[in-house]
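Understanding the architecture of this molecule
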Amino acid sequence: MLGPGAVAVLTALAVAGCSSGPSSSSSSSASSGSAGSATASAGASGSAAAQSGGGNQLQSDYQKVIKDVLPSVVQITTATGLGSGIVYDDKGDIVTNAHVVGTATSFAVTLAGSTRPLDATLVAGYPDSDLAVIRLSSPPGGLRPAVFADSTKVELGQITLAMGSPLGLSSSVTQGIVSATGRTVSEPRTEGSPGAVIGNMVQTSAAINPGNSGGALVNLDSRVIGINTLAATEPEANGAAAPGIGFAIPASTVTSIADQLIKDGKVTNSGRAALGITARTYFDQDYRPAGAVVVAVTAGGPAASAGLQPGDVITRIGDTPVDSLNSLTTALASLAPGSKVTVTYSRDGRSATAEVTLGTLATP
């Protein structure tokens, strides 16, 4: 059973199995049926709303947003699969998930409303935040860059539309609401993803399926509030997707990372909190994970300035228990550089605390 605020085992919306072809026709057919059901449900809701006088306006709002933003959402194909992306500028830069890009350096990009793939190459990626930028080799005229929102203003209950190519069905749209904000989510480690831990994610009830990764989560102001990235899975259902629980990287993170990748070809300011240590999981006498042991401390870094030393075993960050390196990483991902936090640790069998002003995670 999950505790309050806990997130089930997650699966990245990997590109594998999303490519079109004879083997995917049955999936596409089934997905089309699901989409039809969703549309019918939305239509029923719309009809009910219409009876109260608001349905026609809401439908018009939806259609305007789709007309405004869907032309900015593209399909990205690699040698191993398929995902989505968002036109970032009129120079042909497209932002997407790093796990969509994987290890590829060249891509076929299909613009909305087109069947002709365009060549694109990798600009750079930042797997720690699961973001990457690719660039069209010959950008056509009339590209429609998306407009990104201030994701700090995203609120619970806001209506959202998820746009992308789920199961290879290009230019698809699903609808839902913002069901939570500030989620810290751990991605699974796969061939195309190092298992990033991403903080401040937007949770949505809009359906997100394989192939949606890298697509747009949009508000009714036609602004992108996040990049569709993950769907929760149910451990007790053999990893089946948990309906209505998806996650998007917030727009503020997307624009910060994308701007750096485009300008410098790398990330120079991660915007992620760090203690300034190297650590590993600590195991107690019963071989159970019981903390994160400090292996090395960066001279002059936050931990060193607070008096932490190699050999200290961190057991809590603020009010969050730490029983492994992964839980330490997750706790830090929910915090911001410059914030102050109480670190509880054990040294020579004695518990102690230190007040640490967090630094910024170094980038490669």
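Position labels on residues start from 1 in each chain and follow its written sequence. The predicted nature of this model means local features are confined to residues of pLDDT at least 70 and side-chain atom pairs, given and counted, to a pLDDT of 80 or more, with totals for whole chains, interfaces and linings taken over all residues. As a rule here, side-chain values come from all non-hydrogen atoms in the structure, and water together with hydrogens is ignored.

Overview of the overall build of the protein
Here a strand is any run of E in DSSP of at least two residues, a helix any run of H or I of at least four, and the numbering for each starts at the N terminus. If you tally the helices and strands in the protein, you get 6 helices and 21 strands. Here the term buried applies to any residue with accessible area under 20% of the maximum for its type, exposed to any over 50%, and partly exposed to those in between, with areas from a 1.4 Å probe on protein chains only. In the protein, buried positions account for 42% of the 364 residues. Contact criterion: two residues are considered in contact whenever any of their non-hydrogen atoms come within 4.5 Å of each other. Pairs at least 24 apart in sequence give 61% of the contacts found in the protein among residues at least 6 apart. For the protein, the exposed surface amounts to about 17,300 Å²; the carbon and sulfur share of it is 51%. To measure how exposed things are, a 1.4 Å probe is used in the Shrake-Rupley method; for residues, cover is taken only from the protein chains shown.

With respect to the pattern of salt bridges
The rule for a salt bridge is simple: a side-chain nitrogen of Lys or Arg has to be within 4 Å of a carboxyl oxygen of Asp or Glu. As enumerated under the stated definition, the model contains 5 salt bridges in all. In this structure, Asp312 engages Arg347 in a salt bridge whose closest nitrogen and oxygen atoms are separated by 2.8 Å. Placement of the pair is Asp312 in the loop between α5 (302-305) and β17 (313-317) and Arg347 in strand β19 (residues 340-347), with a sequence separation of 35 residues. Within the structure, one salt-bridge network assembled from shared partners comprises Asp284, Asp286 and Arg288.

Quick look at the nonpolar core
Most often, soluble globular proteins keep nonpolar side chains buried together rather than apart. Counting residues in hydrophobic clusters, the biggest one holds 35 residues, and the most contacted among them are Ile86, Val95, Phe148 and Met163. For this core, the element with the most residues is helix α4 (residues 251-264), which contributes 5 residues. Beyond its immediate chain neighbours, meaning those up to four positions away, Ile86 contacts Ser72, Asp93, Ile94, Val95, Ala146, Phe148, Gly214, Gly215, Ala216, Val224 and Ile227. In this text, buried Ala, Val, Leu, Ile, Met, Phe, Trp, Tyr and Cys residues form a nonpolar core when linked through side-chain atoms within 4.5 Å. Ala279, Ala292, Leu328 and Leu358 belong to the second largest nonpolar core, which has 19 residues in total.

Comments concerning the sheet that holds strand β5 (residues 106-110)
Pairing is antiparallel around the closed barrel formed by 6 strands, whose spatial order is β2-β3-β4-β7-β6-β5. Pairwise comparison of adjacent strand axes, ignoring direction, gives a mean angle of 40 degrees for this sheet. For helices, the axis comes from a line fit to the C-alpha atoms of the stretch in contact; other axes are also lines fit to C-alpha atoms, and the angle between any two N-to-C directions lies between 0 and 180 degrees. Against the sheet, α4 makes contact with β4 (93-96), β6 (118-126) and β7 (131-136), and its axis sits at roughly 50 degrees relative to β7, the strand it touches most. DSSP bridges decide pairing: two strands pair if at least two such bridges lie between them.

A short note on the pairing of strand β9 (residues 172-186)
In this structure, strand β8 (residues 159-164) lies alongside β9, joined through 6 bridges in antiparallel fashion. Among the inter-strand pairings, Thr160 is bridged to a residue of β9, identified as Gly176. Taken together, the 5 bridges between β9 and strand β10 (residues 197-204) define a ladder with antiparallel strand orientation. Following the sheet pairing, Val185 is matched in β10 by Ile198.

Notes on the side chain of Thr110
Locating Thr110 in the fold gives a position in strand β5. When neighbours within four sequence positions are excluded, Thr110 is seen to be in contact with Val74, Gln75, Thr115 and Pro117.

Examining the pairing of β5
In regular strands, side chains alternate between the two faces of the sheet. When strand β2 (residues 73-77) meets β5, the two strands line up antiparallel, connected through 3 bridges. Considered in β5, the bridge of Gln75 is made with Thr110. Pairing of β5 with β6, which is carried by 4 bridges, proceeds in the antiparallel orientation. Bridging from a neighbouring strand, Phe107 pairs with Ala120 of β6.

Some thoughts on unusual backbone geometry
Not every positive phi belongs to a glycine, and Leu167 is a case in point at roughly 55 degrees. With respect to the helices and strands, the residue Leu167 is situated in the loop between β8 and β9. Residue classification places Leu167 among the partly exposed residues on the basis of a relative accessible area of 23%. Phi angles above zero are rare outside glycine, and Ser171 is one such case at about 55 degrees.

The quantities given are spatial measurements derived from coordinates; they are silent on function.
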